[in-house]
Amino acid sequence: MLKLIHTKMGMEKQTKREAAHCPLSLEGDADLQFMLVGGELIKIRSNSWKKNRFYKLQEDCKTMWHESHKAFRSNQTFSIDDIDSVRKGRQSEGLHKYTDASVEDQCFSIIFKGRKKNLDLMAANKDEAKQWVSGLEKVISNMRNLSRQQKSEHWIFSCMRKADKNEDNKMTLKELKHFLRQINIEVDDSYAEELFNKCDKSRSGSLEGSEIKHFYDLLTYREEIDVIYEKYAQTAGRISVRDLLNFLLNEQREQVGMADALKLIEKYELDETAKQKQHMTKDGFLMYLNHEEGSILNPAHKSVCQDMTQPLNHYYISSSHNTYLMEDQLKGPSSTEAYIRALMKSCRCVELDCWDGANGEPVIYHGYTLTSKVLFRDVIKAIKEYAFRTSEYPVILSLENHCSVEQQKLMAHHMISILGDALLTRPLGDTMPSSLPSPEELKGRFLIKGKRLNKLDAAFNNNNVIENDSVSEEDEAADSKENGQKAKAKKSKIKLAQELSDLVIYCKSVHYNGFEHAKDNQAFYEMSSFKESKAANLAETSATAYIHHNMDKLSRIYPAGSRTDSSNYNPVPMWNAGCQIVALNFQTPSKEMDLNQGRFLPNGMCGYILKPEFQRHLASQFDPITLSKGPWLKRKIFHVMVISAQQLPKLNKDKQKSIVDPLVRVELYGVPADTTSKQTHSIDNNGFNPMWNENFQFDIHVPELVMVRFVVEDYDSTSQNDLIGQYCLPLTSVQNGYRHVPLLTKRGDVICSAGLFLHLMLLDAQ
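Residues numbered from 1 in each chain as written. Predicted model: local features only at pLDDT ≥ 70, side-chain atom pairs only at ≥ 80, totals over all residues. Heavy atoms only, no water.

Named according to an unreviewed UniProt entry, the chain is Phosphoinositide phospholipase C originating from Myripristis murdjan. Under the UniProt heading Catalytic activity (unreviewed entry), the entry covering the chain gives this text: "a 1,2-diacyl-sn-glycero-3-phospho-(1D-myo-inositol-4,5-bisphosphate) + H2O = 1D-myo-inositol 1,4,5-trisphosphate + a 1,2-diacyl-sn-glycerol + H(+)". (UniProt positions renumbered as here; feature names shortened; annotations may be inferred.)

**Student:** Would you explain the pairing of strand 11 (residues 349-355) in this entry?
**Tutor:** Taken residue by residue, a regular strand's side chains alternate between the two faces of the sheet. For strand 11, the buried fraction is high: seven of the seven residues fall into the buried class. Note that strand 11 and strand 14 (residues 395-401) share six bridges and pair parallel. By the bridge assignment, C349 is partnered in strand 14 with I396. Bridge count for strand 11 against strand 12 (residues 363-364) is two bridges, and the pairing is antiparallel. By the bridge assignment, W355 is partnered in strand 12 with V363. (Buried < 20%, exposed > 50% of the residue type's maximum accessible area, 1.4 Å probe, protein only. Helix = DSSP H or I, 4+ residues; strand = E, 2+ residues; numbered from the N terminus. Pairing = 2+ DSSP bridges.)

**Student:** So what exactly am I meant to see when it comes to the UniProt feature "binding site: Ca(2+) 5" (unreviewed entry) in the chain here?
**Tutor:** The UniProt feature table records "binding site: Ca(2+) 5" (unreviewed entry) at D714, Y715 and D716. Tracing the backbone through its elements, the reader meets Y715 in the loop between strand 27 (707-714) and strand 28 (722-730). Judged by its relative accessible area of 39%, Y715 falls in the partly exposed class. Excluding residues within four positions of it along the chain, Y715 makes contact with D661, L663, S682 and N721. With respect to the element layout, D716 can be found in the loop between strand 27 and strand 28. (Contact = heavy atoms within 4.5 Å.)

**Student:** Explanation requested: the packing of helix 6 (residues 148-163) against helix 7 (residues 173-182) in the structure shown.
**Tutor:** Axis angle and axis distance: for two packed helices, these are the angle between their axes and the distance between the axes, and together they describe the pair. Where helix 6 meets helix 7, the axes come as close as 9 Å, and the angle between the chain directions of the two elements is 140°. Considering the angle they form, helix 6 stands oblique to helix 7. Viewed along their axes, helix 6 and helix 7 form a crossing whose handedness is right-handed. Between helix 6 and helix 7, the contacting residues are W155, I156, C159, M160, K162 and A163 on the first element and E175, H178, F179 and Q182 on the second. (Axes fitted to C-alpha atoms, helices over the stretch in contact; angles between N-to-C directions. Parallel < 35°, antiparallel > 145°, perpendicular 65-115°, else oblique. Left-handed = near helix turned anticlockwise from the far one by under 90°.)

**Student:** So what exactly am I meant to see when it comes to the environment of D260 here?
**Tutor:** On the secondary structure map, D260 appears in helix 12 (residues 258-268). Along the backbone, D260 and L244 are 16 residues apart, and their C-alpha atoms lie at a distance of 9.7 Å. Within the structure, D260 has its side chain in polar contact with the backbone nitrogen of G257 (distance 2.8 Å). (Polar contact = N/O pair within 3.5 Å; in protein donor to acceptor, adjacent residues only side chain to side chain.)

**Student:** I keep staring at the pattern of salt bridges and nothing clicks. Help me out?
**Tutor:** For side chains bearing opposite charge, pairing can occur when the charged atoms are close. Tallied over the entire structure, the rule returns 29 salt bridges. The partner of R87 in a salt bridge is E337, with the nearest N and O atoms 2.7 Å apart. You can see R87 sitting in strand 5 (residues 83-88) and its partner E337 sitting in helix 15 (residues 336-344), a full 250 residues away along the chain. Residues R87 and E337 agree in their burial class; the two are buried. Note that D226 and K282 form a salt bridge whose closest N and O atoms lie 2.9 Å from each other. Note that D226 is positioned in helix 10 (residues 223-232) and K282 in helix 14 (residues 282-289), a separation of 56 residues in sequence. For D226, a relative accessible area of 10% corresponds to the buried category. Ionic contacts of the salt-bridge type, sharing partners, join the residues D594, R665, E667, R709 and E713 into one network. (Salt bridge = Lys/Arg side-chain N within 4 Å of Asp/Glu carboxyl O.)

**Student:** Help me understand unusual backbone geometry, please; the structure alone is not making it clear to me.
**Tutor:** Backbone geometry follows two general trends: most residues other than glycine have a negative phi, and most peptide bonds adopt the trans configuration. Look at R253: it is not a glycine, yet its phi comes out positive at around 55°. Here R253 lies in the loop between helix 11 (241-250) and helix 12. Looking at R253, the relative accessible area reads 44%, which means it is partly exposed.

**Student:** Teacher, can you tell me more about helix 24 (residues 543-552) here?
**Tutor:** The periodicity of an α-helix, 3.6 residues per turn, causes residues three or four places apart in sequence to face the same way. Judged by how many residues are buried, helix 24 sits mostly within the fold: seven of 10 residues are covered. Tucked inside the fold, the buried residues of helix 24 contact helix 22 (515-521), strand 19 (526-531), helix 23 (532-541), strand 20 (555-558) and helix 25 (572-576).

**Student:** What exactly am I supposed to notice about the pairing of strand 2 (residues 50-57) here?
**Tutor:** Relative to strand 2, strand 1 (residues 39-44) is paired through six bridges, and the arrangement is antiparallel. In the strand pairing of strand 2, E40 is matched with F54. Counting the residues that bridge the hairpin from strand 1 to strand 2 gives five residues. Across three bridges, strand 2 lies against strand 3 (residues 63-67) in antiparallel orientation.

**Student:** So what exactly am I meant to see when it comes to the packing of aromatic side chains here?
**Tutor:** A ring pair, where both rings are aromatic, is described by two values, the distance of the centres and the angle of the planes. The full count for this structure, using the stated rule, is 26 aromatic pairs. A centroid spacing of 6.3 Å and a plane angle of 50° characterise the contact between Y316 and W575, whose relative ring orientation is tilted. Taken together, the residues Y316 in strand 10 (residues 315-320) and W575 in helix 25 connect sequence positions 259 residues apart. A single burial state applies to Y316 and to W575, both of which are buried. Taken together, the aromatic side chains of Y229, Y232, F247, F285, Y288, Y738 and F757 make up a single cluster linked through ring pairs. Lying across the ring of W575, R599 places its NZ or CZ 5.0 Å from the centre. (Phe/Tyr/Trp six-rings, centres within 6.5 Å; stacked < 30°, edge-to-face > 60°. Lys NZ or Arg CZ within 6 Å of the ring centre and 35° of its normal.)

**Student:** I keep staring at the nonpolar core and nothing clicks. Help me out?
**Tutor:** Generally speaking, nonpolar side chains in soluble globular proteins are found buried as a group. Counting 72 residues, the largest nonpolar core has L352, I383, L397, M415 and Y546 as its most contacted members. A total of six residues in this core trace back to one element, the largest contributor, which is helix 16 (residues 376-386). Looking at which domains feed residues into this core, each of domain 4 (312-615) and domain 5 (636-764) gives three or more. With sequence-adjacent residues up to four places away left out, L352 is seen in contact with Y339, I364, F376, V379, I380, I383, L397, S398, L399 and E400. Counting 34 residues, the second largest nonpolar core, distinct from the first, contains A645, W692, Y727 and L743. (Core = buried A, V, L, I, M, F, W, Y, C linked by side-chain atoms within 4.5 Å. Domains from an automatic or database assignment.)

Okay, here's the thing in structure tokens:
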């Protein structure tokens, strides 16, 4: 039976430790059993649309089934892999709006990846709601903790089940052809028949039991792994602990010893006899390559590994623009959900565009447009709830204030009452500081960026008497007004409530009047915002001065107001100039957001990355354009061999015969001299196991600023190639040697089971 074959394919191969991460290990779990039986939940869309629907976890523990009353389909399913998170209580906007506080404990929301709408549900009682939430979280956690190899096996088995049309746990030649198309590989009929006959030992006209296992082994055979294994298996055809150490030192270029090699055998070898002899079989070797030790990302960078005690301005800070928007800037919805999503991606600077609202309550939306409005108070509550779920380092609330004085006072009240002690309301310490505090000192704190009526010293000398309560508008606010008003807008003033002014401590907004003026007049806690075009011009024409400015001041960059589609600008030149708060539209999938996700991937994805030393110390004369000699100039050669890919997803799932023609492009972004790309040829009709074996070489000048992006596309000779998947990370986080590379969707979500296999080597230039 296919179920038994699934067990033979993967589950029997797992160590006991790994078995605990498999959904099968949840057998007997009360919450899982509850979901497998299923039950009625109320699906909520509005005050008038509240319908009873039956929900049930299917036996594969990967799919949720629910009934639908739509005429064209009576049931629907969604994959557990499509779920981003499960939220207990009335935390979604829909539940908050359409249910009463008395049913708080009965409510929960399923949040999906991408743009699929949340699923807002209400159980019959709080105990059932708790079981649904707990059960879903366990299944999601188990799915995410599967190794790459296990995900691959689950995916292949799932495709096998779909191909088994009559559900007899056998596979006919016709079903085998359907299966091959399911897994994104097109073969001619004669090859499919040859493969089938090779496995059909019983000559019964269908594959079953061990014959399906044989078919699976033929299908998943990886020639490239055999070649590597046989090269290093110098001990009776197997890799001994000494052979493995030789591989780790010479091929992977790791600084390890015999004890480290032995640990890998203990951890990944599946054959007990081999393990006792301190040998590693081919299966164990593949298991090692498929885990984090064999990944392209240095495992040491998966947790916080940088010095977090330097001043705030010494870090790149993950930053969002128009955080409240889910889509474009003209008519898209504003939502607390957008803040939650940004914060859960460890964004550490979010923007609040504040306007007077009805009933005296300030609202957030994109002024002068048709974007919907969300209450300022609700946004602050969402920020409080989610700010430190994925990172404990400080969050900056960047206020663009258009409110009347009365509603500004209410803004201050909401922030103080909701954020409590986490809100920074005075400088750290008992004396006036002379530099910004560090992320470490500000753990778990909120900083307000905005206009301030007086100097920060007033917080210490109790001289808070304000003679003038008017300040100039934020630069971005003025820039966003219509072009006809622009000249006048630059000079416009707004009244500022002292209660709001007093909350601005380390991030006081001031207008940029030139680097010399800033050097002579700008305090360490004062910062300027730059429109992308202004910042790009300064980064190109006055790079060294800009870098020096950013050594002791914060700079925020924002997209041009003309980007009404919420598109993004290239953040790399801004990072090259040492700018810290490079704000992007998180809601818009783009190459620029891929680069941002890659930039903040290391250091535990905490939202802060320590800038290179030459961007932090005043003696530096670094210029990314001219590349004058200095400690930043570390010439390297980056060798990349694109070997193969595994289990690339089909792009057009509606067309059975639509198979991808993949190619791989390696893109480098850094100083202009390091920005380049090279790509492989395309392979026809094979998304399952394409092989390229193509070599590329890149000359690197400033490795500490280089970002590497791997892009897999479906080649099309008549139109633009379609993205299959991508992965981006800093060059300084790349591991040498044979490495697997995960692939992400355009929205930054992991594509289960898919990946690239590469050989990488970063060497000193001769």
